[in-house]
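Listed here are the chains, written in short residue letters.
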Amino acid sequence: MTAGASISSNLGRLARRPEAGSLVGLIVIYIFFAILGGQVFLGAPGWSSWLNMAAEVGTIALPVGLLMIAGELDISVGSVLPASSLTVAILSGRWGLPIYIGIAGGLGVGLAVGLFNGLLVTRTRIPSLILTIGSMFGVMGLTLGFTIWIAGSTGVFIVPDPLTKTLLGSALGGMFQVGIFWWAGFVVVIYGLLHLSTWGNWIFALGGDKESARNAGIPTQKLTIQLYMLSGFAAAFVGVTQVITFGSAQVAAGSSFIFNSIMCVVIGGVILTGGAGSVIGIVLGTMTFAIVNQGIFFSGLDPNFGSIIIGALLLTAVLSNDTFRAMALSYVAKKK
Amino acid sequence: MKKTIKFVLAAALLASTATVALADGAKIFVVGGKADDPFWSIVKRGAEDAGKVVSAEGGKVVWLAPQNYDNLGVDAAELIRQAIDQKADAIVAPDWAPAAMDPAFQAVKAAGIPFIVYNAGGIQAADRLGAMNYVGAVDYLGGVAGGDYLAKAGHKSGVCVNSLPGAANIEDYCKGFGDGIKKAGGKSDVLPLPATAEGNVTAVAQAVRAYLLQHPDVDAIFATANLDAVGIVQGIAQAGKAGKAHLCGINFDQAILAQIAAGTQDCAIDQQGYQQGFYAVSILNGYVNYGLSIPTREILTGPGVVDNTNIKATMAGAKGGTR
């Protein structure tokens, strides 16, 4: 009897974890594509293929997830990415400045856009969705305008030195891009920030109830600005790794990262209204998203229907998250 | 007051007769894209180089371009009308948006001014509007050239990477590529990318890589956008297919020329914008001044192929603003 009770209590505890639904989703999706994709998908080529995808969108999804836990959105990441790539390419490729200046410039663009977003979100009553759509178009326009003005073309090019290429744009064994390790680094740091520090508790408090958080003495404005700067930085970082990897920066890039990063976060069990979520969940959600995206090409399914499968996945994920949440709540209710 | 007006009118009349007296060569108006557009700056260069002969014979070439591309069809139609008003001897213009621009072309015809449709519209537009000729490339044939090139080099199992499913010109490229390979006895497929890959070069690279791993016999790949070509080269390398899977693409930029020079890309298909400006102006100049004609209808300026045999000259041309 006691053994049975402890098993059910363990299961209950597992189901109460916010990432439980995402973990189940990830396993189901992986098995599905493993059956269709076969040996190539199960081996190193398959793993590196979806991990390379996951690393980029995952790096952006982490801070976007923090913002969503805090009850805000950031649409501008889609325009920060090409802005950062082009800054690096113009500073170090076209003008020949040292690469560290180019990279600092690229990352600086991300931080500046984040600061701008954070200041406006905290100083105005405009919803962050609308505000960051606005800043997205603003940054897009500036990127296009300045690129044409400086380079006379919508693409700028750079040949990075071997060390920079190794650190930011190479692939281990010709397969696993270094971005995967950078992503792992981001995961560790952001896990520490969200789940082990007071700062992380503040984020949950902010997403739970902004007024109470402020009354409890949490510097909500400063916190919001920091979160936006973090997401700007992460998007700019991916922009830097892309331009170092491919040597070519184009104005019309990055837009897909907006919805992709939000999808990863939502599949990872973060509640859209804020106040709940976890880094592990976001990582699981990102992996699921990447496996589906790459799995389509390994599976022999008609890629013309790829977008349908991705859309269906998102809806299923949200539904299963809701189911798990309801289960968890009813479990707590029973205990009372 | 009246006197001043009379004086201004008289002065204007004098000035206009003076220009007429000076310019007894052909006054050719060319409607095109913005001069800071990387493609159109090359077309303009071609028109200006042909304009050197026009000037030597006492005429001139005037380049008319819209301020921006926000309202392209209407703006370009307006530019054609301006050319008529300024008493053009001949007009060159693209038929970008037939609905908005065809009435302007009909006005040119009605005014009895000889004209050539170039860059967009095809020979169909020239026939419909009564133009002397069409000077330009055809998207479909660009694809055919890519398929033909790779198949003749022995790479007969092809795939066309379509990162913008639904875009008419990309569909034309892919259809052409497939037909080009099939004609040479090969087979070809299309790899459409999902919306989540839009504007993401890593997604292109990983999609191509996954496709190559799952279809090990594929050895000919076609790219329909500049950034795609850069991503595809990475995808080929990560699939362990470098030197086995061969890439051709539509258009080129500095990064792609570097890939061709390095041997990671086999060829690029070019519509050769310089030729469009150059030949359209030359043909009209000869016609206006001496009644010369070119009986060949539909002057194709593309597809031109850039590969390792002409990469040096192409790079020099890119530096000099002619490619």
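So, here is what we can say about the structure in this document. (Residues numbered from 1 in each chain as written. Chains lettered and ligands numbered in written order. Predicted model: local features only at pLDDT ≥ 70, side-chain atom pairs only at ≥ 80, totals over all residues. Heavy atoms only, no water.)

### Considerations on the overall build of chain A
Then, number 1: Assigned secondary structure in chain A consists of 14 helices and 4 strands.
Then, number 2: Over its C-alpha atoms chain A spans a radius of gyration of 21 Å, differing by no more than 12% from the 20 Å that the globule rule assigns to 336 residues.
Then, number 3: Principal-axis analysis of the C-alpha atoms places the extent of chain A at approximately 75 × 55 × 35 Å.
Then, number 4: Here chain A, with 336 residues, has 52% of them falling under the buried criterion.
Then, number 5: The long-range share in chain A, meaning contacts at least 24 apart out of those at least 6 apart in sequence, stands at 77%.
Then, number 6: With the model as given, the accessible surface of chain A reaches about 14400 Å², and the carbon-plus-sulfur share is 73%. (Helix = DSSP H or I, 4+ residues; strand = E, 2+ residues; numbered from the N terminus. Rg over C-alpha atoms; globule rule 2.2 N^0.38 Å. Buried < 20%, exposed > 50% of the residue type's maximum accessible area, 1.4 Å probe, protein only. Contact = heavy atoms within 4.5 Å. Areas by Shrake-Rupley, 256 points an atom, 1.4 Å probe, with all protein chains shown as cover.)

### Considerations on the sheet that holds strand E5 (residues 134-136) of chain B
All names here are of chain B.
Then, number 1: Pairing is parallel across the open sheet formed by 6 strands, whose spatial order is E2-E1-E3-E4-E5-E11. The sheet is open, and its two edges are formed by strand E2 (60-64) and strand E11 (299-300), each paired on a single side.
Then, number 2: By the bridge criterion, 2 bridges tie E5 to E11 in an arrangement that is parallel. Counterpart to Gly136 in the pairing with E11 is Leu300.
Then, number 3: Sitting on the sheet, helix H5 (residues 122-129) touches strand E4 (115-118) and E5, and the angle it makes with E4 is about 155°. (Pairing = 2+ DSSP bridges. Axes fitted to C-alpha atoms, helices over the stretch in contact; angles between N-to-C directions.)

### Concerning unusual backbone geometry
Residue and element names in this part refer to chain B.
Then, number 1: Cis geometry marks the peptide bond from Gly302 to Pro303; its omega dihedral reads 0°.
Then, number 2: Along the chain, Pro303 falls in the loop between E11 and strand E12 (304-306).
Then, number 3: A positive phi angle, near 55°, is found at Gln272, a position not held by glycine.
Then, number 4: Structurally, Gln272 is set in the loop between strand E10 (267-270) and helix H11 (273-290).

### As for the state of the cysteines
Residues and elements named next belong to chain B.
Then, number 1: In this structure the tally under the stated criterion is 2 disulfides over all chains.
Then, number 2: A sulfur-sulfur separation of 2.0 Å characterises the disulfide bridge that pairs Cys160 with Cys174. Between Cys160 and Cys174 the disulfide shows an S-S torsion of about -70°. By sign, it is left-handed. With Cys160 in strand E6 (residues 157-162) and Cys174 in helix H7 (residues 168-183), the pair connects residues that are 14 residues apart, well separated along the chain. Pair check on accessibility: Cys160 and Cys174 agree, each one buried.
Then, number 3: Cys248 shares a disulfide with Cys267; S-S distance 1.7 Å. Across the S-S bond of Cys248 and Cys267 the torsion is about -45°, and the bridge reads as left-handed. Placement of Cys248 in strand E9 (residues 246-250) and of Cys267 in strand E10 is noted, with a sequence separation of 19 residues between them. In this structure, Cys248 and Cys267 share a single accessibility class: buried. (Disulfide = S-S within 2.5 Å.)

### Here's the deal with the packing of helix H3 (residues 72-85) of chain B against helix H4 (residues 98-110) of chain B
Residue and element names in this part refer to chain B.
Then, number 1: Contact geometry of H3 with H4 gives a least axis separation of 8 Å together with a crossing angle of 10°. Here H3 is positioned roughly parallel relative to H4, judged by the angle of their axes. Along its contact with H3, which presents Gly73, Val74, Ala76, Ala77, Ile80, Arg81 and Ile84, the element H4 presents Ala100, Met101, Pro103, Ala104, Phe105, Ala107 and Val108.
Then, number 2: Counted by class, the contact of H3 with H4 contains 12 nonpolar, 1 polar and 1 charged residues. (Parallel < 35°, antiparallel > 145°, perpendicular 65-115°, else oblique. Nonpolar A, V, L, I, M, F, W, Y, C, P; charged D, E, K, R; others polar.)

### Brief notes about the pattern of salt bridges
Then, number 1: Counted by the stated rule, this structure contains 12 salt bridges over all chains.
Then, number 2: Residues Glu211 of chain A and Arg214 of chain A are paired through a salt bridge, measuring 3.5 Å at the closest nitrogen-oxygen approach. Of the two residues, Glu211 of chain A and Arg214 of chain A both sit in helix H10 (residues 210-215), 3 residues apart, roughly one turn of that helix.
Then, number 3: Owing to a relative accessible area of 41%, Arg214 of chain A belongs among the partly exposed residues under this scheme.
Then, number 4: Across the salt bridge formed by Asp217 of chain B and Lys187 of chain B, the nearest N and O atoms sit 2.9 Å from each other. Of the two residues, Asp217 of chain B is situated in the loop between helix H8 (201-214) and strand E8 (220-223) and Lys187 of chain B in strand E7 (residues 187-192); the sequence distance between them amounts to 30 residues.
Then, number 5: A relative accessible area of 48% means that Lys187 of chain B is categorised as partly exposed.
Then, number 6: One network of salt bridges, in which partners are shared, links Arg45, Asp49 and Lys52 of chain B. (Salt bridge = Lys/Arg side-chain N within 4 Å of Asp/Glu carboxyl O.)

### Some details on the interface of chain B and chain A
Then, number 1: With 32 residues of chain B in contact, the opposing surface of chain A contributes 39 residues.
Then, number 2: Where chain B abuts chain A, roughly 2800 Å² becomes buried across the two surfaces, and 58% of that area is made up of carbon and sulfur atoms.
Then, number 3: The largest contributions to the chain B side of the interface with chain A come from Thr196, Thr202 and Gln214 of chain B, which together make up 19% of the buried area.
Then, number 4: Remark: the boundary between chain B and chain A carries 0 salt bridges.
Then, number 5: Only E7, H8, helix H9 (226-238) and helix H10 (254-262) of chain B provide two or more residues apiece to the side of chain B that touches chain A.
Then, number 6: Take the side of chain B that touches chain A: its biggest share by element is 11 residues, from H8 of chain B.
Then, number 7: Across the side of chain B that touches chain A, the residue classes break down as 18 nonpolar, 10 polar and 4 charged. (Buried area = accessible area lost by both parts, 1.4 Å probe.)

Keep in mind these values describe shape, not function.
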